[in-house]
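So you can see what is in the structure, the chains are spelled out below.
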Amino acid sequence: MNRLLIVDDEPIIVDGIYRLLQEEEELQLDLHRAYGGDEALEKLNAIRFDIVLSDIWMPGMTGLELQEHINERWPACKIIFLTGHPDFNYAQTAIRNQCMDYILKTESDETLLRSVRKAIELLQTERMNAGFLDKASEQFQLAVPALQREILQGFCEGIQPLKSLKPELLKSLSIPLTLDGKVMLVMGRVDRWPIQMTKAADKAHMMFAIHNIAKEYLSSCALQSVDVEHNRFFWLIQPKLLLEWGSTHAANREDEWSRTIRFVHGTLEMIQSTSLELLKIPLSLAAVKEGGEWREIPA
């Protein structure tokens, strides 16, 4: 049900339109009345309205001034202006400020009803499109891990060239790494799954848990995990500080990398121990001795 507000300083106009719309039950409108712009603004500040049917010229707050408040507070609201006599300047301003329709009070009831129906249809279309966008966004988020794996595994196995990795691509896939500088590679293997764990979904869930343990222990690093097979994976790691610094602090980059390498090497055993203790899953982990260029990763 759409909520509609009728605004005019002439009660006879407001009440007449109210009765007219009340008789059109198929429109399924929640109708409200305001006898002036100030009263309308109070109602608009209290609750959301989907459609506002307003006189354009009223003493005190005009319809155009009310429109500015509506556009700021409820931008999806559809505004239909009524006027007792045509005025090109008013009409031009109203349309420029995104009013949906501009009709004369002397026009027929059917003209007004047609405009209200048009507003309802437009609201339905926008809500449907918003629903599709939300669903598409949700589906994309579900697909992100698979896309991350496809991109990074393809690169690391030499299937995709380095030039296929673009900063905007990493950002769109929420990969927290930069192509500017070095990257550290850690490769991992689940040595043995618990006997009762036979389903692929359960193993995938445990791989997710392993990666979370790593991210927890290596929280000072930017880490992207990639599953290769049901029991193999790799991590790409960079110092978080380098991502924050960007191209500045160049003199400190090597020092930060040295600290990160030592930190990662010293933490891998803790990740193994925690995985074994909490998940009952033994891991083998192998790490490079130092950060290398991206182009060296496949080799």
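Whatever comes next refers back to the structure up there.
(A) Focus on the pattern of salt bridges. Taken as a whole, this structure holds 12 salt bridges when the rule is applied. One salt bridge connects Asp-30 with Arg-3, and the closest N-O pair in it is separated by 3.4 Å. Taken together, the residues span a long stretch of sequence, with Asp-30 in strand β2 (residues 29–34) and Arg-3 in strand β1 (residues 2–7) at a distance of 27 residues. For Asp-8, the salt bridge is made with Lys-105, and the minimal N-O distance between the two is 2.9 Å. Here Asp-8, found in the loop between β1 and α1 (11–23), pairs with Lys-105, found in the loop between β5 (101–104) and α5 (109–156); they are 97 residues apart in sequence, far enough to count as distant. The exposure class assigned to Asp-8 is buried, which follows from its relative accessible area of 0%. One connected set of salt bridges, linked through shared partners, spans Asp-8, Glu-10, Asp-55 and Lys-105.

(B) Local environment of the layout of surface pockets. Put simply, the largest pocket is a space of about 520 Å³. Lining the largest pocket are 21 residues; nearest its centre among them are Pro-145, Phe-208, His-211, Ser-225 and Asp-227. Secondary-structure elements contributing two or more residues to the lining of the largest pocket are α5, α7 (200–217) and β7 (221–227). Element by element, the count of residues in the lining of the largest pocket is highest for α7, at 8 residues. Taken together, the residues of the lining of the largest pocket sort by class into 9 nonpolar, 7 polar and 5 charged.

(C) Region of the structure containing the sheet that holds β5. Taken in spatial order, the 5 strands make up an open sheet running β2-β1-β3-β4-β5, and their pairing is parallel. The strands lining the two open edges of the sheet, one partner per strand, are β2 and β5. Averaged over all neighbouring strand pairs, the angle between strand axes comes to 20°, with direction disregarded. Where β1 lies against β2, 6 bridges are found, and the strand directions are parallel. Bridging from a neighbouring strand, Asn-2 pairs with Leu-29 of β2. In the packing of α1 onto the sheet, contacts are made with β1, β2, β3 (51–55) and β4 (78–83), and the angle to β2 comes to roughly 175°.

(D) Expanded view of the nonpolar core. Among the nonpolar cores identified, the biggest contains 26 residues, and Ile-210, Trp-235, Ile-237, Val-264, Ile-271 and Ile-281 are the most heavily contacted of them. Counting only elements with at least two residues in this core, the list comes to β6 (182–190), α7, β7, β8 (232–239), α9 (253–279) and β9 (283–287). If we skip the residues at most four places from it in the chain, Trp-235 touches Met-184, Leu-185, Val-186, Ile-210, His-211, Ala-214, Leu-223, Gln-224, Ser-225, Leu-268, Ile-271 and Leu-285.

(E) Broad picture of the packing of α7 against α9. Two elements in contact, α7 and α9, have axes separated by 9 Å at closest approach and are oriented at 140°. Relative to α9, the element α7 is oriented oblique. Like other packed secondary-structure pairs, α7 and α9 cross with a definite hand, here right-handed. Judged by residue contacts, Met-206, Ala-209, Ile-210, Ile-213, Ala-214 and Tyr-217 of α7 engage Phe-263, Thr-267, Met-270, Ile-271, Thr-274, Ser-275 and Leu-279 from α9. A class-by-class count of the residues in the contact of α7 with α9 yields 10 nonpolar, 3 polar and no charged.

Cut-off values and rules
Residues numbered from 1 in each chain as written. Predicted model: local features only at pLDDT ≥ 70, side-chain atom pairs only at ≥ 80, totals over all residues. Heavy atoms only, no water. Salt bridge = Lys/Arg side-chain N within 4 Å of Asp/Glu carboxyl O. Helix = DSSP H or I, 4+ residues; strand = E, 2+ residues; numbered from the N terminus. Buried < 20%, exposed > 50% of the residue type's maximum accessible area, 1.4 Å probe, protein only. 1 Å grid on protein atoms, 1.4 Å probe; cavity = no way out; pocket = protein on both sides within 12 Å on 5 of 7 lines; lining within 4 Å. Points joined across faces, edges and corners; volume = space filled by probe spheres on them. Nonpolar A, V, L, I, M, F, W, Y, C, P; charged D, E, K, R; others polar. Pairing = 2+ DSSP bridges. Axes fitted to C-alpha atoms, helices over the stretch in contact; angles between N-to-C directions. Contact = heavy atoms within 4.5 Å. Core = buried A, V, L, I, M, F, W, Y, C linked by side-chain atoms within 4.5 Å. Parallel < 35°, antiparallel > 145°, perpendicular 65-115°, else oblique. Left-handed = near helix turned anticlockwise from the far one by under 90°.

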